[in-house]
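Single-letter residue listing:
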Amino acid sequence: MSTNKNYFDLIDSYLNGKMTSHEAIEFENQLQKDPLLESKFQLQKDIVDSIRNFRKAELKATLNAVEVGVGGSFTILKVAAGLGVMALLGIGIYYFTGNTENSDLPEISNNEISENNQGTVEKENTPIADTKHEKDIAIKGADKQITNVTEKKEKSEPVAAETKATENKDINDKSSNIQEVKKPVQPEIKLPEVVEDFDKEEGQISENIKVPENKLNQVTETYLPKTEVVEMDHRKYAFHYQFYNNKLYLYGKFDNKYEILELNTPTGISIYMFYKENFYELEQNQEKITPLSAIEDGTLIRDLKTIRDN
Amino acid sequence: MKDREILDKIAKGDESALKYLYKKYYRMMTKLVISNNGSEDEAKDIYQDALIVFWQKVIGGQLILTSRISTYLYSICLNLWRKELDRKNRLSHEEKDEAQYLDNDREEREKIIHECINELGDTCKRILTYYYFEKMSMQEIAEKLEFANTDTAKTKKYKCKKRLDQLVKQKYSASDFLD
């Protein structure tokens, strides 16, 4: 009888959150070992949950009876628009990329892009490569170098071109998965554009690229986890962002006119947003609602533009 | 009413302060949901839930408010609405059937217990809901229900709970839930 009362008290204080975390863990272990206690616990849990729901329903009924006056007169809006948001959440376009795990990755260079990056990329005159795979690699290679340069620009001042070229090579060797993901919000419009761009640049790029044939069959397709974006209208925050539960929340009226650029760099994924002719850096560990401010570093902007145009 | 006054009243379980608060911010809070793709009913539901969470926290003494009440309520509404959007999103994709099945079972049991709670006297209902939902201390319950002292509240709570357990067990075995 006394043990019965004892269990009753134990279950009760567990369900009402009155145990220390240590006691709670001990109690949970006991539950696992003792099926009879477990079934008593389950019944108590059902009862306590029901008492809570009973009270909640009571309070809700009280509130429902309150006349809210002017505040209550709304026109019914956007009932179906919920579907729109759901669709938005799921949209993303991925670029395929090469698996560059091999440490002796070939040097890949591109005249046009190296110029954009102030000649920091080693050049090589190479035979024309024109299979589909080679083209993919060429473009990827270009992205990768831009990404590397971008990384460096962020943390260091310009160094002599030669040094940079070597450093680039080092980073290339280390980096395992360089990808670019562009996520236009309106794929019906963006998708065809992207394909056109590839075609247009085929000639220029392939002329400057050497891709050893033995590397071709190592190319695999890799998907990046996409960043889910949710636009929120907030009375206080008009142009802000935050990351919450691995999702990006944008506060303000963006009208879906933003683009998210995810760049896979040797140090992790960097996320940028393009909106109305400006680029914004989005820090993934930013869990507080933070104002968006445009990037002002000219070289970084140029690099991002190059990536975006691709 | 000033924030401080509202908080003091709610801490004592004064429902009139809850109603006052509900009215005061109804428009502001429901607008948040409505302008983020929610219907008016959803907005009302979220706001009520947020307000009840607030009520629980203030009474349970778990809340040290550093901002204005409206700011705090707004952030609860925002989080609840995000969760709801997530839930709707997930349900529209998968596991609808299984969730439905589990819900039915739970609903059935809850309905039975609900009937049992209704069979209790009003004092028992108050004691048990104050204890398990508002998480008031025995002393607060004694004051609120004008008992002689804390021990009276404790004894009554124990008896009410035993009574409810018995009722539930009877109904459960009658409907083949246990054994």
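What counts as what
Residues numbered from 1 in each chain as written. Chains lettered and ligands numbered in written order. Predicted model: local features only at pLDDT ≥ 70, side-chain atom pairs only at ≥ 80, totals over all residues. Helix = DSSP H or I, 4+ residues; strand = E, 2+ residues; numbered from the N terminus. Buried ≥ 20, exposed ≤ 12 C-beta atoms within 10 Å, placed from the backbone. Contact = placed C-beta atoms within 7 Å. UniProt positions renumbered as here; feature names shortened; annotations may be inferred. Pairing = 2+ DSSP bridges. Core = buried A, V, L, I, M, F, W, Y, C linked by C-beta atoms within 7 Å. Axes fitted to C-alpha atoms, helices over the stretch in contact; angles between N-to-C directions. Parallel < 35°, antiparallel > 145°, perpendicular 65-115°, else oblique. Nonpolar A, V, L, I, M, F, W, Y, C, P; charged D, E, K, R; others polar. pLDDT = per-residue confidence, 0-100.

Trainee: Mind laying out the overall build of chain A, listing which residues take part and the relevant values?
Mentor: A count of helical and extended segments in chain A gives ten helices and eight strands. Within chain A, buried positions represent 25% of all 310 residues. In chain A, once contacts between residues fewer than 6 apart in sequence are set aside, the share between residues at least 24 apart is 70%.

Trainee: Can you tell me about the UniProt feature "domain: RNA polymerase sigma factor 70 region 4 type" (unreviewed entry) in chain B, naming the residues and giving the values?
Mentor: In the numbering used here, UniProt assigns the "domain: RNA polymerase sigma factor 70 region 4 type" (unreviewed entry) feature to residues 112-146 of chain B. Regarding residues 112-146 of chain B, the helix share stands at 80% and the strand share at 0%, and the terminal C-alpha atoms are separated by 31 Å.

Trainee: Would you mind going over the sheet that holds strand β4 (residues 247-252) of chain A in detail, with residue names and values included?
Mentor: Across a sheet, paired strands are connected by hydrogen bonds in the backbone, their directions being either parallel or antiparallel. All names here are of chain A. Pairing is mixed in the open sheet, where four strands are placed in the order β2-β4-β3-β8. Two strands bound the open sheet, and with one partner strand each, they are β2 (228-232) and β8 (290-291). Sheet analysis places β2 next to β4, joined by five bridges and oriented parallel. If you follow V229 over to β4, its bridge partner there is L248.

Trainee: Now, about the nonpolar core: what can you tell me, with residues and values included?
Mentor: By size, the foremost hydrophobic cluster in this structure holds 49 residues, and its most contacted members are M29, L51 and C77 of chain B. Of all the elements in the fold, those that place two or more residues in this core are α3 (35-64) of chain A together with α2 (15-34), α3 (40-59), α4 (69-93), α5 (96-119), α6 (122-134), α7 (138-144) and α8 (150-174) of chain B. With residues near it in sequence (within four places) discarded, L51 of chain B still touches L63 of chain A together with L18, L21, Y22 and L73 of chain B. Listed in part, the 16 residues of the second largest apolar core include Y241, L250, M273 and L304 of chain A.

Trainee: Run through the packing of α6 of chain B against α8 of chain B, naming residues and quoting values.
Mentor: Packed helices, taken two at a time, are described by the angle between their axes plus the distance between the axes. Residue and element names in this part refer to chain B. Put simply, α6 and α8 touch, their axes get as near as 9 Å, and they point 100 degrees apart. When the axis of α6 is compared with that of α8, the two are roughly perpendicular. Touching C124, I127, L128 and Y131 of α6 are K156, K157, C160, K161, R163 and L164, all from α8. Among the residues making up the contact of α6 with α8, the classes are represented as six nonpolar, no polar and four charged.

Trainee: Account for the confidence of the model for chain B, naming residues and giving values.
Mentor: Any region with low pLDDT has predicted coordinates that should not be read closely. All names here are of chain B. Taken as a whole, chain B shows an average pLDDT of 90; of its residues, 92% reach a score of 70 or greater. For chain B, per-element mean pLDDT is lowest for α5, which scores 82, and highest for α6, which scores 96. Reported for the predicted complex are a pTM of 0.54 and an ipTM of 0.91.

Trainee: Would you mind going over the pairing of strand β6 (residues 268-275) of chain A in detail, with residue names and values included?
Mentor: On a regular strand, each side chain points to the face opposite its neighbour's, so the side chains alternate between the two faces of the sheet. All names here are of chain A. As defined by bridge partners, strand β5 (residues 258-265) adjoins β6 across eight bridges and the pair is classed as antiparallel. Note that in β6 the partner of I260 across the bridge is M273. Following β6, the chain reverses through two residues before pairing antiparallel with strand β7 (residues 278-282); K276 in that reversal takes a positive phi of roughly 45 degrees.

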